[in-house]
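# Tertiary structure, described
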Amino acid sequence: MKALNAIVILASVMIGTGVATAQNAPPVSTKKVDGTDNVYVFRYGGYQAMFIVTSEGVIATDPISYLRPAKPYIDAIKAVTDKPIKYVIYSHHHYDHIAGGKPFKELGATFISHRRAKERLLELKKQNALLPDVVIPDQVVDGSKTITLGGTKLELIFVGRNHSDDSLVMLLPKEKLVFVVDFAPIETIQFRNIPDNASPLEFINSLKKLAGLDWDRMITGHPYAGGRYGTKKDVQDDIAYMEDLSAEAKKAADAGKCFDAAMKEVKLPKYEKWANYENGLPANVERFCYWWGRGY
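Keep in mind it's a predicted model, so treat the numbers as computed, not measured.

Bringing the layout of surface pockets into the picture now. The computed volume of the largest pocket comes to approximately 360 Å³. His 163, Ile 189, Gln 190, Phe 191 and Arg 192 are, among the 19 residues lining the largest pocket, the residues nearest its centre. Considering each element in turn, the lining of the largest pocket owes the most residues, 3 residues, to helix H8 (residues 277–294). For the lining of the largest pocket, the per-class residue count stands at 6 nonpolar, 9 polar and 4 charged.

Structure (structure tokens):
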């Protein structure tokens, strides 16, 4: 394995219809996870992916190359090892995490996702709406699946509907690490009005299942709270937030205040120091108002 130096690369990236200059382009960095022999976190602007180097090849997660080149991620892996990229695992189907996989596929990688993620992408392809650099998965997971490569085991686990209906938790049992994307933010309010979830109570249950797995540190799909690793307490705090939010939204629904009044009046001061509290809380309230105030 080649020696890895911590590096930060500024690259020009296509954003919308313009091109980011070197001054405002997102930073790219690679960091080896302390206490491990072969696990790395790749950061690309506000996104993170995990890759694992083994004697037989590399297991990579989310390409995280939406509207920007995937080359920096591939280059980051090549800076660590000359082993081939054997697998790319999708955390869920959202473009901002899985776009950019085509160059990985051209290198011979096998792509894996939850079954519903593949179904969603095939439907988008049928509608001529699939991004050209999004790869349709080769293999799928329903409940769980274990990937074994070069003596490393990676467990892919579906813990239920949450931020999407096809999210996979990726667990390294030896290292007691999990890679979790979007549904368990650290000290951060949930995304907007939790748009993908059929039942916010299922969301809470999925967090409880995540907390029940055997792990010590959590790598997330975004660098929350200064980029630190998550803990079991962080997930328990997410559960507490969602349950407190649910209870307050139900009170508002019972009082006939859903939607607009509840979105203005419901406050959870216990969490006011969390990221995106002011902007995100009203939309979070709206989602629970749909459940308690309208029955869906």
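Turning our eyes to something else, we now look at the packing of helix H6 (residues 232–254) against H8. Between H6 and H8, whose axes approach to 8 Å, the crossing angle comes to 60°. Looking at the two axes, H6 sits oblique to H8. Of the two elements, H6 crosses H8, and the hand of that crossing is right-handed. Across from Tyr 241, Met 242, Leu 245, Ser 246, Ala 249, Lys 250 and Ala 253 in H6, the residues of H8 making contact are Leu 281, Asn 284, Val 285, Phe 288, Cys 289, Trp 292 and Gly 293.

Moving on: the nonpolar core. Grouped together as the largest cluster of nonpolar side chains are 41 residues, with contacts concentrated most on Val 169, Phe 183, Leu 210, Met 218 and Tyr 241. Going through the elements one at a time, strand E13 (169–172), strand E14 (177–180), helix H5 (200–211), H6, helix H7 (260–265) and H8 are the ones with two or more residues in this core. In contact with Tyr 241, other than residues within four places in its own chain, are Ile 189, Gln 190, Leu 268, Tyr 271, Trp 274, Leu 281 and Asn 284. Grouped together as the second largest cluster of nonpolar side chains are 29 residues, Val 28, Ala 76, Ile 98 and Ala 99 included.

Attention shifts here to the sheet that holds E13. Adjacent strands of a sheet pair through backbone hydrogen bonds, lying either parallel or antiparallel. The strand order E11-E12-E13-E14-E15 describes an open sheet built from 5 strands, whose pairing is mixed. Taken across any chain shown, the strands that pair with only one partner, and hence form the sheet edges, are strand E11 (144–149) and strand E15 (217–220). Adjacent strand axes in the sheet meet at a mean angle of 20°, parallel and antiparallel pairs treated alike. Two elements, strand E12 (residues 152–157) and E13, share 3 bridges in a ladder whose sense is antiparallel. By the bridge assignment for E13, Ile 157 is matched with Val 169.

Reading the values: the criteria
Residues numbered from 1 in each chain as written. Predicted model: local features only at pLDDT ≥ 70, side-chain atom pairs only at ≥ 80, totals over all residues. Heavy atoms only, no water. 1 Å grid on protein atoms, 1.4 Å probe; cavity = no way out; pocket = protein on both sides within 12 Å on 5 of 7 lines; lining within 4 Å. Points joined across faces, edges and corners; volume = space filled by probe spheres on them. Helix = DSSP H or I, 4+ residues; strand = E, 2+ residues; numbered from the N terminus. Nonpolar A, V, L, I, M, F, W, Y, C, P; charged D, E, K, R; others polar. Axes fitted to C-alpha atoms, helices over the stretch in contact; angles between N-to-C directions. Parallel < 35°, antiparallel > 145°, perpendicular 65-115°, else oblique. Left-handed = near helix turned anticlockwise from the far one by under 90°. Contact = heavy atoms within 4.5 Å. Core = buried A, V, L, I, M, F, W, Y, C linked by side-chain atoms within 4.5 Å. Buried < 20%, exposed > 50% of the residue type's maximum accessible area, 1.4 Å probe, protein only. Pairing = 2+ DSSP bridges.

Read these as spatial facts, not as claims about activity.
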